[in-house]
Amino acid sequence: MPLATATRHVDAPGQDAPYLLTPGPLTTSDTIKAAMLHDWGSWDDDFNRLTAEVRAQLLEMAGASEEAYACVPLQGSGTFAVEAALATAIDRHGKALVLANGAYGQRAAKILDYLGREHVLLDKGDYLPPRGEEVAAWLDADPEITDVFLVHCETSSGILNPLAEIAEMAKARGKGLIVDAMSSFGAVPLNVEAVPVDVLVSSANKCLEGVPGFGFVILRRDLLEASAGRAHSLSLDLFEQWRYMERTGQWRFTPPTHVVAAFHTALAEHRAEGGVAGRLARYTRSRERLVAGMRELGFATLLEDRWLSPIITTFVSPGHPAFEFGRFYAELKARGFVIYPGKLTEAESFRIGCIGRLDVAVVERLLAAVREALDAMGVDDGRPAA
């Protein structure tokens, strides 16, 4: 099928399915769907080859050498991989500084509670970014902190957090850096050796445009080797998963074979689109048209332009008395678009994603649907309440 470029449009979802304007699961291509029609033996050499190629290609995308880093795929959702990464990277006697400005930083802190790992939380509220100088001050004030955790793109608001400046402060003080790149990896440039990052976590069904079923952790080999016996869980033990894969080429437990095959196809499509740069360009074009079009209707973005990511954008709900999100959602779904409710604690909002098999032509259709939905609701002004 044709890949999205500045002049070529993506295919419709098919089978009367709506476009998923969410941070994942996403609208996927026909070829990725078709890749799941073949059955694979989980111990078969052909499937093991797919796994090996996926691992190698992810390392390459992350700018990670095979001598210094390992890629460990893990069954389950992205949160499974985040939990496994935290349990692996943070020593049982270590202490983490969790940087939070949304639900996923808060979730990491909750995981550490379950793990019994000591941690402190720098909570910036709904959307303010943690800054490098703040991180430096916390690390200088508490020398017992061993690791820093950051969500690169916090999809609660859509903010792209300032990874480089935070990494600089952490590394200057000899701290480990764990990055949840769930919603940025594959579309936002991220070189783990250059930044540098000790542990990166992402999943199949975000910017790489696969389907849900597994996550993956890219981490320093020396850190991984030192984590033997540290895991709290048999199934989430990254060290044992890695060791078994290195020895046999296989997953320790039943893998999501169809999901892996679809992801292998997704990586091929990613390369054909121009890799990270090509995907970033398409997502950015879609985001720019989305924001401009919504502002023409009176909607306001939660974030200033400099903090907007190309992944997902949060809009403040209109102050018009006739606006009700449930009705707005239903009107858009009836017109072929599924959006996301907001996750803010301070204001009513909703979110619209730009990732997946979408392009500017799809965004134009969405904007027309938004106008129709507002008309159907009797809302003539998208501006938020004062």
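Residues numbered from 1 in each chain as written. Predicted model: local features only at pLDDT ≥ 70, side-chain atom pairs only at ≥ 80, totals over all residues. Heavy atoms only, no water.

For the protein, an unreviewed UniProt entry supplies the name 2-aminoethylphosphonate--pyruvate transaminase and the organism Halomonas pelophila. Note on the protein: under the UniProt heading Function (unreviewed entry), the record states "Involved in phosphonate degradation." Heading Cofactor (unreviewed entry) of the UniProt record for the protein holds this comment: "pyridoxal 5'-phosphate". (UniProt positions renumbered as here; feature names shortened; annotations may be inferred.)

Engineer: In this structure, what is going on with the overall build of the protein? I would like to understand it.
Structural biologist: On a plain count of helices and strands, the protein comes out with twelve helices and 15 strands. Structurally, the protein occupies a C-alpha span of about 60 × 55 × 30 Å along its principal axes. Across the 386 residues that make up the protein, the buried fraction comes to 57%. In the protein, 72% of the contacts between residues at least 6 apart in sequence involve partners at least 24 apart. Just so you have it, the protein exposes about 15300 Å², and 52% of that area is on carbon and sulfur atoms. Between the mean site of the 38 positive side-chain charges and the mean site of the 51 negative ones, the protein shows a separation of 1 Å. (Helix = DSSP H or I, 4+ residues; strand = E, 2+ residues; numbered from the N terminus. Buried < 20%, exposed > 50% of the residue type's maximum accessible area, 1.4 Å probe, protein only. Contact = heavy atoms within 4.5 Å. Areas by Shrake-Rupley, 256 points an atom, 1.4 Å probe, with all protein chains shown as cover. Lys, Arg positive; Asp, Glu negative; His and termini not counted. Charge placed at Lys NZ, Arg CZ, Asp CG, Glu CD.)

Engineer: Is there a simple way to think about the pairing of strand 15 (residues 349–353) in this case?
Structural biologist: The side chains of a regular strand alternate, residue by residue, between the two faces of the sheet. The element strand 15 is extensively covered by neighbouring structure, given that five of its five residues are classed as buried. Burial of strand 15 is two-sided: the residues Ser349, Arg351 and Gly353 facing one way and the residues Phe350 and Ile352 facing the other way are all buried. By the bridge criterion, five bridges tie strand 12 (residues 312–316) to strand 15 in an arrangement that is antiparallel. Counterpart to Val316 in the pairing with strand 15 is Ser349. Pairing between strand 14 (residues 340–341) and strand 15: two bridges, direction antiparallel. The partner of Pro341 across the bridge, within strand 15, is Phe350. (Pairing = 2+ DSSP bridges.)

Engineer: What's the story with the layout of surface pockets in this structure? I'm lost.
Structural biologist: To find the voids left in a structure, one rolls a probe of water-molecule size over its atoms. There is about 360 Å³ of room inside the largest pocket. Lining the largest pocket are 21 residues; nearest its centre among them are Thr79, Tyr104, Arg107, Met182 and Lys206. Taken together, the elements giving at least two residues each to the lining of the largest pocket come down to helix 3 (78–89) and helix 4 (103–115). When residues of the lining of the largest pocket are assigned to their parent elements, the largest contribution, four residues, is made by helix 4. Per-class residue counts for the lining of the largest pocket are ten nonpolar, eight polar and three charged. (1 Å grid on protein atoms, 1.4 Å probe; cavity = no way out; pocket = protein on both sides within 12 Å on 5 of 7 lines; lining within 4 Å. Points joined across faces, edges and corners; volume = space filled by probe spheres on them. Nonpolar A, V, L, I, M, F, W, Y, C, P; charged D, E, K, R; others polar.)

Engineer: Hey, could you run me through the packing of helix 9 (residues 257–272) against helix 10 (residues 275–296) in this one?
Structural biologist: Packed helices, taken two at a time, are described by the angle between their axes plus the distance between the axes. Direction vectors running N to C along helix 9 and helix 10 enclose 80°, while the axes themselves pass 7 Å from each other. Of the possible angle classes, the one that applies to helix 9 and helix 10 is roughly perpendicular. Of helix 10, the residues touching helix 9 (which contributes Glu269, His270 and Arg271) are Gly275, Val276 and Arg279. Of the residues contributing to the contact of helix 9 with helix 10, the split by class is one nonpolar, two polar and three charged. (Axes fitted to C-alpha atoms, helices over the stretch in contact; angles between N-to-C directions. Parallel < 35°, antiparallel > 145°, perpendicular 65-115°, else oblique.)

Engineer: What is the right way to read the sheet that holds strand 12 from this model?
Structural biologist: A sheet is described by the order of its strands in space; here four strands give the open sequence 11-12-15-14, paired in antiparallel fashion. Looking along the sheet, the strands with just one partner apiece sit at the ends: strand 11 (300–301) and strand 14. Sheet analysis places strand 11 next to strand 12, joined by two bridges and oriented antiparallel. Following the sheet pairing, Ala300 is matched in strand 12 by Val316.

Engineer: It is not clear to me how the packing of helix 3 against helix 4 should be interpreted in this structure. Could you clarify?
Structural biologist: Contact geometry of helix 3 with helix 4 gives a least axis separation of 10 Å together with a crossing angle of 55°. In terms of axis orientation, helix 3 runs oblique to helix 4. The interaxial crossing formed by helix 3 with helix 4 has right-handed handedness. Of the residues in helix 4, those touching helix 3 at Thr79, Val82, Glu83, Leu86 and Ala87 are Arg107, Ala108, Ile111, Leu112 and Leu115. Residues of the contact of helix 3 with helix 4, tallied by class, amount to seven nonpolar, one polar and two charged. (Left-handed = near helix turned anticlockwise from the far one by under 90°.)

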